[in-house]
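One-letter residues, chain by chain:
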Amino acid sequence: MCGIVGYAGPKPAIDVVNEGLRRLEYRGYDSAGVALMADGEIVTEKRAGKLSNLAEAVAARGGMTGPHVGIGHTRWATHGAPTDRNAHPHVSVDGRTAVIHNGIIENFAQLRAELEGDGVEFTSDTDTECVAHLLAREVGQGVDLTEGMRRVCRRLQGAFTLLAVHGDAPGTVVGARRNSPLVAGVGDGEYFLASDVAAFIRHTREAIELGQDQVVTITADGYSITDFEGEPTDGTPFHVDWDASAAEKNGYEYFMLKEIAEQPRAVADTLRGRFDVGGGIILDEVRMSDQDFRDIDKIFIVACGTSYHAGMVAKYAIEHWVRLPCEVELASEFRYRDPVLDRSTMVIVISQSGETMDTLMALRHARTQKARVLAISNTVGSTIPRESDAVLYTRAGIEVAVASTKAFLTQLAACYLVGLHLAAVRGIKYVDEVAAVVAELAETPEKIATVLAGMEPVRELAKRMGTADRALFIGRHVGYPVALEGALKLKELAYMHAEGFAAGELKHGPISLIEEGTPVVVVVPSPRGRSLLHDKVLSNIQEVKARGATVIAIAEDGDDVVAPHVDHVVFTPRTSTLLAPLLTALPLQVFACELAAAKGHDIDQPRNLAKSVTVE
Ligand code: F6R
């Protein structure tokens, strides 16, 4: 949700900032802009639309390569339409202060009224512009830029990461954060500030994570950190161990295709070395004892979007393996519902980015109610893992495409590990029983690779379906969340009306959506073991076929019963029912990606979306 970059060092700031923005564009792509310090004067350029529009405008000004200090922003619009005038940076009336912002300033209306009362004329509809005027006022009263930032931050409510430059501090960039991400990069004679390390990974792998309510100042000579009151403090240093090439397409047309292809490796990495001899999982950060895991009498899984779908699968696994009640909740609803939580409740929060504001707020609510929180996240050191009692990191590597694929699969793998850990620690499953499931899990990366190698018919089918205006996805048991995920992928990428339903619910209303030729994708459970489920889904197929649907089934290898009743069938390797989503989700990812490509859509950056949603 908005990407921000700041730089102070010997290189042309525009090059570093542009490169950083390119890597952060997944965070928002409604507009982009830069502010550079040139001999004590601020020069800005900003444009609505993709980063390429900004690059053209910068090129038209001769490249703007002179300055060595600058800030840049790529926006996901909250306050104000995505236009040139609302693009960041926002500049004070005297043109000497420039500010960029990620988040929402909740008391902006009061601040704006106060500033307008003082005669300030606003030039945008954003909440951010208040900060530029407030900061200019503080510096105008004789304090330095860092102290000015602290004073302004003390007045702000909501979520913000801010970066600012000022004509009176030509070598300096000041940043601040509350409830929004900010990391500093420590180079050799150069320093960086950014929403995400991806922005500066080409220049340095040494980073510092800023804490809540901190202000950081960088120059080419160093950095300093204080809290909002001015007390010196430290950030948390960390080394970035992934390669810069991980954030490149490496020959794939889209990041999404690359990330789909990376899934066997991502799942294998997430599982690797995670089990100890006693059957317990090795958590990455644990502020919970085994006794804490034993004391739990209820579990909530809280997440958004695709991560929520992973949580729905986890519910089936945890209830079956652990025999504990487990509820799955949308993070955006959780705290408003006032759920019954206490010391014996465990809340599992799932977030790829580790930044999603809805999930973060749910986590905080859970902790104030004394519940114990376990985070499953893909982003080391992000806010959600940091504020949780225990963390299990998925090891998907950076996911750039806005539509989540490898993060989803690794979240599933992590959820299975947590379920097995709980079962082992609580003595519900013997070590050898846990080991048997772990061994089966260990085989899934190869099976994922097998499914991905056979996707050509799915691609062909997707191209042929390009004219459809809607699609339904149905499934039962763990096939139901997979159906929801398939529909979400199609909605976000192909901009098509797509809905996922529990197959048994169709007859209670949604079946009236079916017309001649309506595509219905059916996630068919294995006929082995749970034949009851399989039979019920077969009946659901008959029901939709009878009403003219074109049925595409995802079925298990060797399921001969399904094929005669459907129009197309995609087979996936045999696996146990609970683990099947690791395989059945794959054709749906490919289907959505290819169908959207056939429609000519932007696959990696679908309209209106952003990768990391840091507003509520
Ligand atoms: C969909 C997608 C989103 C995210 C959701 C939660 O493809 O990516 O639905 O899953 O915004 O994001 P995280 O997992 O970062 O909390």
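Note that the coordinates shown come from a computational prediction; the quantities given were computed from them, not determined experimentally.

A. Summary view of the packing of aromatic side chains. On inspection of all chains with the given rule, the structure shows six aromatic pairs. Ring pairing ties together the aromatic residues Tyr7, Phe192 and Phe200, which thus form one cluster. Here the guanidinium or amino end of Lys50 rests over the ring plane of Tyr29, the centre of that ring lying 5.3 Å away. In this structure, Arg607 is placed above the aromatic ring of Tyr495, and the distance from its NZ or CZ to the ring centre is 3.9 Å.

B. Focus on the pairing of strand E10 (residues 191–194). Covered by surrounding structure in E10 are Tyr191 and Leu193 together with Phe192 and Ala194, the residues of both alternating faces. Note that strand E1 (residues 3–8) and E10 share four bridges and pair antiparallel. Bridge pairing in E10 places Tyr7 opposite Phe192. Sheet topology places strand E9 (residues 183–186) next to E10; four bridges connect them, and they run antiparallel. By the bridge assignment for E10, Val186 is matched with Tyr191.

C. Seen up close, unusual backbone geometry. Backbone torsion omega between His88 and Pro89 reads 5°, so that peptide bond is classified as cis. By the element assignment, Pro89 lies in the loop between strand E4 (69–75) and strand E5 (90–91). The backbone of Asp213 shows a phi angle near 55°, a positive value even though the residue is not glycine. With respect to the element layout, Asp213 can be found in the loop between strand E11 (206–209) and strand E12 (214–219). Unusually for a residue other than glycine, Arg323 sits at a positive phi of about 60°. Along the polypeptide, Arg323 turns up in the loop between helix H9 (305–322) and strand E17 (326–330).

D. Layout of the site of the ligand. Taken together, the neighbourhood of the ligand is formed by 13 residues, with Ser307, Ser351, Ser353, Thr356 and Glu492 sitting nearest. Measuring from an oxygen atom of the ligand, one finds a side-chain N or O atom of Lys489 at 3.0 Å. Calculation on the ligand without its partners gives an accessible area of 400 Å², and the protein chains cover 89% of this total. Those elements that provide at least two residues to the shell around the ligand are H9 and helix H16 (479–494). Residue contributions to the shell around the ligand peak at three residues, all from H9. Here the shell around the ligand is built from residues that sort into three nonpolar, eight polar and two charged.

E. Broad picture of H16. Between its first and last C-alpha, H16 extends 22 Å over 16 residues, near the 22 Å set by a 1.5 Å rise per residue. Taking burial as the measure, the 16 residues of H16 include 13 buried ones, the bulk of the element.

F. Spatial organisation of the nonpolar core. Of all hydrophobic cores here, the largest spans 121 residues; its most connected members are Ile299, Trp321, Ile348 and Leu490. Every residue in contact with Leu490, bar those within four places of it in the chain, is listed here: Ala471, Phe473, Tyr495, Met496, Ala498, Phe591, Ala592 and Leu595. In terms of nonpolar packing, the next biggest core, distinct from the first, is built from 26 residues, Cys130, Leu135, Phe160 and Ala176 among them.

G. Structural view of the sheet that holds strand E22 (residues 497–502). Reading across the sheet, the five strands line up as E22-E21-E23-E24-E25 and stay open at both edges, with parallel pairing between neighbours. The sheet is open, and its two borders are formed by E22 and strand E25 (568–572), each paired with just one other strand. Here the average twist between neighbouring strands, direction ignored, is 15°. Here strand E21 (residues 470–475) pairs with strand E23 (residues 519–523) via four bridges, running parallel.

H. Focus on the packing of H9 against helix H13 (residues 406–425). At a minimum axis distance of 9 Å, the contact between H9 and H13 shows a crossing angle of 25°. As the angle between them shows, H9 and H13 are arranged roughly parallel. Our pair here, H9 against H13, has a crossing hand that is right-handed. Between H9, through Thr306, Ser307, His309, Ala310, Val313, Ala314, Ala317, Ile318, Trp321 and Val322, and H13, the contact on the second element is made entirely by Phe408, Gln411, Leu412, Cys415, Tyr416, Gly419, Leu420, Leu422 and Ala423. Taken together, the residues of the contact of H9 with H13 break down into 14 nonpolar, five polar and no charged.

Cut-offs applied
Per chain, residue numbering runs from 1 following the sequence as it is written. Only residues with pLDDT of 70 or above have their local features reported here, since the model is predicted, and side-chain atom pairs are shown and tallied only from 80 upward, although totals for entire chains, interfaces and linings are computed over all residues. Excluding hydrogens and water, the side-chain values take into account all heavy atoms of the structure. Only centres within 6.5 Å qualify two rings of Phe, Tyr or Trp (six-membered ring in Trp) as a pair; their planes then separate them into stacked at under 30 degrees, edge-to-face at over 60, and tilted for everything else. Only Lys NZ and Arg CZ are tested; either one counts as a charge over a ring when it is within 6 Å of the ring centre and within 35 degrees of the ring normal. Exposure is judged per residue with a 1.4 Å probe applied to protein chains only, and the accessible area is read against the type maximum: over 50% gives exposed, under 20% gives buried, and values in between give partly exposed. Runs of H or I in DSSP of at least four residues are treated as helices and runs of E of at least two as strands, each being numbered from the N terminus. Think of it this way: DSSP has to see at least two bridges between two strands before they count as a pair. The cutoff for a nearby residue is simple: one of its non-hydrogen atoms must lie within 4 Å of the molecule or strand. Any N or O atom pair separated by 3.5 Å or less is treated as a polar contact, with the protein-specific requirement of one donor-capable and one acceptor-capable atom, and with residues adjacent in sequence counted only for side-chain atom pairs. All accessibility values rest on the Shrake-Rupley procedure with a 1.4 Å probe; residue burial counts only the protein chains present in the view. Think of it as three bins: nonpolar holds Ala, Val, Leu, Ile, Met, Phe, Trp, Tyr, Cys and Pro, charged holds Asp, Glu, Lys and Arg, and polar takes everything else, Gly as well. For a helix, the expected span equals 1.5 Å multiplied by the residue count minus one. Residues belong to a common nonpolar core when they are buried Ala, Val, Leu, Ile, Met, Phe, Trp, Tyr or Cys residues joined through side-chain atoms within 4.5 Å. It only takes one pair of heavy atoms within 4.5 Å for two residues to be counted as in contact. Note on geometry: axes are lines fitted to C-alpha atoms, helical ones only across the stretch in contact, with angles between N-to-C directions running from 0 to 180 degrees. When an angle is under 35 degrees it counts as roughly parallel; over 145 it counts as roughly antiparallel; between 65 and 115 it counts as roughly perpendicular; any other value is oblique. Two helices that cross are described as forming a left-handed crossing if the nearer one is turned anticlockwise from the farther one by less than a right angle, and a right-handed crossing if clockwise.

Function cannot be inferred from these measures alone, as they are strictly geometric.
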